Amino acid sequence: MKKIVFATNNKHKLDEIRKITDGSLQILGLADIHCEDEIEETGTTLEENALLKARYVKEKYGYDCFADDTGLEVEALGGAPGVYSSRYAGEACNPADNMAKLLHELAGVKNRNARFRTVITLLIGDEMHFFEGVVNGRIIEEQRGEAGFGYDPVFVPEGKDQTFAELGNDVKNQISHRALATHQLAQFLTER
Ligand code: ITT
């Protein structure tokens, strides 16, 4: 069976793509190839960061590889925090700090439109492919819900009244930005 590496240490992401591809591909994580390096995300776009990670693995280990990057893009903030979502409130910050900063920046702002965007970069043979998943929604004024991670407690996806954190992982994983991008990748890989 063809082997491909997903340049992540995140077990949830690995489980998700393995489920979607339903055993038709052997998907290895960084731990499976004994890569313990911290691959720095120095890019200024999601595309660049995903490419940096995939290219690192392809060049150092020779495997076909894909990698992802995700950001929350808020319209009234010109697309911020975007590629800097995980460190919006500073390098050593946590999701609570990031959400607090976001709600502070949006205090009194009427336009609450935002979107989550995931980009996956695939390096296979000599080819490079990009896949994108987007979920539009809005930032509410307080945190609601316990599930999920990151900005989930303040993000209500379009067509719903509850935040991602209130909707829970099962619902979120069916409609999320990451799921949309991952499904496109999975379809590409399984048809190939
Ligand atoms: P990697 O090790 O795979 O790079 P990461 O935590 O950096 O994991 P991402 O690049 O996917 O994760 O996402 C960057 C940040 O964007 C993440 O730390 C969260 O703050 C936020 N984020 C990403 N996906 C999210 C989601 O589904 N719900 C809420 N916040 C999310």
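Residues numbered from 1 in each chain as written. Predicted model: local features only at pLDDT ≥ 70, side-chain atom pairs only at ≥ 80, totals over all residues. Heavy atoms only, no water.

**Let's talk about the layout of surface pockets**
Piece 1. Empty space within the largest pocket amounts to approximately 900 Å³.
Piece 2. Looking at the largest pocket, it is lined by 36 residues, and the ones nearest its centre are Lys13, Glu41, Lys53, Asp69 and Ser86.
Piece 3. Contributions of two or more residues to the lining of the largest pocket are made by helix H2 (46–61), strand S3 (65–74), helix H3 (95–105) and helix H6 (177–191).
Piece 4. Looking at which element gives the most residues to the lining of the largest pocket, the answer is S3, with five residues.
Piece 5. When its residues are assigned to classes, the lining of the largest pocket shows 10 nonpolar, 12 polar and 14 charged.
Piece 6. Each pocket or cavity is described by its volume, and for the second largest pocket that value is around 500 Å³.
Piece 7. What lines the second largest pocket is a set of 17 residues, among which His12, Lys13, Glu16, Asn169 and Asn173 lie closest to the centre. (1 Å grid on protein atoms, 1.4 Å probe; cavity = no way out; pocket = protein on both sides within 12 Å on 5 of 7 lines; lining within 4 Å. Points joined across faces, edges and corners; volume = space filled by probe spheres on them. Helix = DSSP H or I, 4+ residues; strand = E, 2+ residues; numbered from the N terminus. Nonpolar A, V, L, I, M, F, W, Y, C, P; charged D, E, K, R; others polar.)

**Here we look at H6**
Since the α-helix turns once every 3.6 residues, residues separated by three or four places project in the same direction.
Piece 1. End to end, H6 covers 22 Å across 15 residues, agreeing with the expected 21 Å (1.5 Å per residue, within 8%).
Piece 2. Taken together, the buried positions of H6 are His177, Arg178, Ala179, Ala181, Thr182, Leu185, Ala186 and Leu189.
Piece 3. Two to three positions downstream of the cap, the backbone nitrogen of Arg178 sits 3.3 Å from a side-chain oxygen, assigning the N-cap of H6 to Ser176. (Expected span 1.5 Å × (residues − 1). Buried < 20%, exposed > 50% of the residue type's maximum accessible area, 1.4 Å probe, protein only. Polar contact = N/O pair within 3.5 Å; in protein donor to acceptor, adjacent residues only side chain to side chain.)

**Things to note about the nonpolar core**
One recurring pattern in soluble globular proteins: nonpolar side chains tend to sit buried together.
Piece 1. By size, the foremost hydrophobic cluster in this structure holds 16 residues, and its most contacted members are Leu72, Val74, Leu102, Ile139, Tyr151, Val154 and Phe155.
Piece 2. When contributions to this core are tallied by element, the ones reaching two or more residues are S3, H3, strand S5 (113–124), strand S6 (127–139) and helix H4 (164–167).
Piece 3. Sort the elements by how many residues they give to this core and H3 lands first, with three residues.
Piece 4. When sequence neighbours within four positions are dropped, the list of residues in contact with Leu102 reads Leu72, Val74, Leu77, Tyr88, Ile139, Tyr151 and Val154.
Piece 5. Judged by nonpolar contacts, the second largest core, of 14 residues, contains Leu14, Leu122, Ile124 and Leu189. (Core = buried A, V, L, I, M, F, W, Y, C linked by side-chain atoms within 4.5 Å. Contact = heavy atoms within 4.5 Å.)

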